[in-house]
Amino acid sequence: LVRSGATLTITEDAAVDLNDYFIRSTGGTIIVESDVEIDGLVSTMKNSDSEVIGLYSDIYEATEHYESGVTIEIVSGTIAENIYMEPGINVKGAGTSSTTINGNIYFNYNNDGATLSDLTVNGKITITNSDYVDLSKVKSTGSSYLEISGSIGLNITNFTSNISRSIGIYEH
């Protein structure tokens, strides 16, 4: 933890391996210089000013420490993990051709105002009783589909699915 008043600077010469752990700010400053490679890094949490406030070896831990309005940026690559969205959280990949989630994504019960963008999902996306969810530049592959139930005000743009038997979106 980087406590209030402390600064952690990760330079390009540093060797950092998260090894199933995380680095999180509790009021301090985290600076990651450009071209730094952090082994085991899966997601970076940034505040509304795009300042790094957390480095995580998985997405689950990042969503557990979220604050409304933060963005969790997922690195390029394939990540085998389910994602449980939270209200007001923004989860963003590095692009549909760069970031793939092999797992399901859940917007369950009052995850209002959450955003998912710029990634491919090889699993089901479920939006249940969560309003004003935003899906943008999301690709669904394999037998994946989007299931919507009891939600209003959704904004779904640039959603693609390669399911041949249907359009890949189910609403009930």
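In what follows, the structure referred to is the one given above.
Residues numbered from 1 in each chain as written. Predicted model: local features only at pLDDT ≥ 70, side-chain atom pairs only at ≥ 80, totals over all residues. Heavy atoms only, no water.

Peer 1: Would you explain the overall build of the chain in this entry?
Peer 2: What the chain contains, in helices and strands, is one helix and 20 strands. The C-alpha atoms of the chain give a radius of gyration of 17 Å, which matches the 16 Å a tight globule of 172 residues would have. Dimensions of the chain along its principal axes, counting C-alpha atoms only, are 50 × 25 × 25 Å. Taken across its 172 residues, the chain has 44% of its residues classed as buried. In the chain, 26% of the contacts between residues at least 6 apart in sequence involve partners at least 24 apart. Between the averaged position of the 8 positive side-chain charges in the chain and that of its 23 negative side-chain charges there is a distance of 7 Å. (Helix = DSSP H or I, 4+ residues; strand = E, 2+ residues; numbered from the N terminus. Rg over C-alpha atoms; globule rule 2.2 N^0.38 Å. Buried < 20%, exposed > 50% of the residue type's maximum accessible area, 1.4 Å probe, protein only. Contact = heavy atoms within 4.5 Å. Lys, Arg positive; Asp, Glu negative; His and termini not counted. Charge placed at Lys NZ, Arg CZ, Asp CG, Glu CD.)

Peer 1: How should I be thinking about unusual backbone geometry in this particular structure?
Peer 2: Peptide bonds are mostly trans, and most non-glycine residues show a negative phi. Positive phi outside glycine occurs at D20, with the angle close to 70 degrees. Judged by its relative accessible area of 69%, D20 falls in the exposed class. For N110, which is not glycine, the phi torsion reads 70 degrees and is therefore positive. By the secondary structure assignment, N110 is in the loop between β14 (105–108) and β15 (115–121).

Peer 1: Got a minute to help me understand a negative patch on the surface in this structure?
Peer 2: The grouping of E12, D13, D17, D20, E33, D35, E37 and D39 at the surface amounts to a negative patch. Tracing the sequence through the fold places D39 in strand β6 (residues 38–39). Taking the relative accessible area as the measure of exposure, D39 reaches 47% and is therefore partly exposed. (Patch = residues over 30% accessible without salt bridge, like charges linked within 9 Å, V, L, I, M, F, W, Y side chains within 5 Å. Areas by Shrake-Rupley, 256 points an atom, 1.4 Å probe, with all protein chains shown as cover. Salt bridge = Lys/Arg side-chain N within 4 Å of Asp/Glu carboxyl O.)

Peer 1: Even after reading the chapter, I still don't get the pairing of β14, so can you show me in this structure?
Peer 2: Consecutive side chains along a regular strand alternate between the two faces of the sheet. One ladder, built from two bridges, connects strand β11 (residues 83–84) with β14; its direction is parallel. Within β14, the position partnered with I83 by the bridge is I105. Here β14 pairs with strand β16 (residues 125–128) via four bridges, running parallel. What sits directly across from F107, in β16, is I127. (Pairing = 2+ DSSP bridges.)

Peer 1: It is not clear to me how the side chain of T126 should be interpreted in this structure. Could you clarify?
Peer 2: Residue placement: T126 occurs in strand β16. Residue T126 is classed as buried on the basis of its relative accessible area, which comes to 8%. For T126, the contacting residues outside a window of four places in its chain are I105, Y106, F107, N108 and E147.

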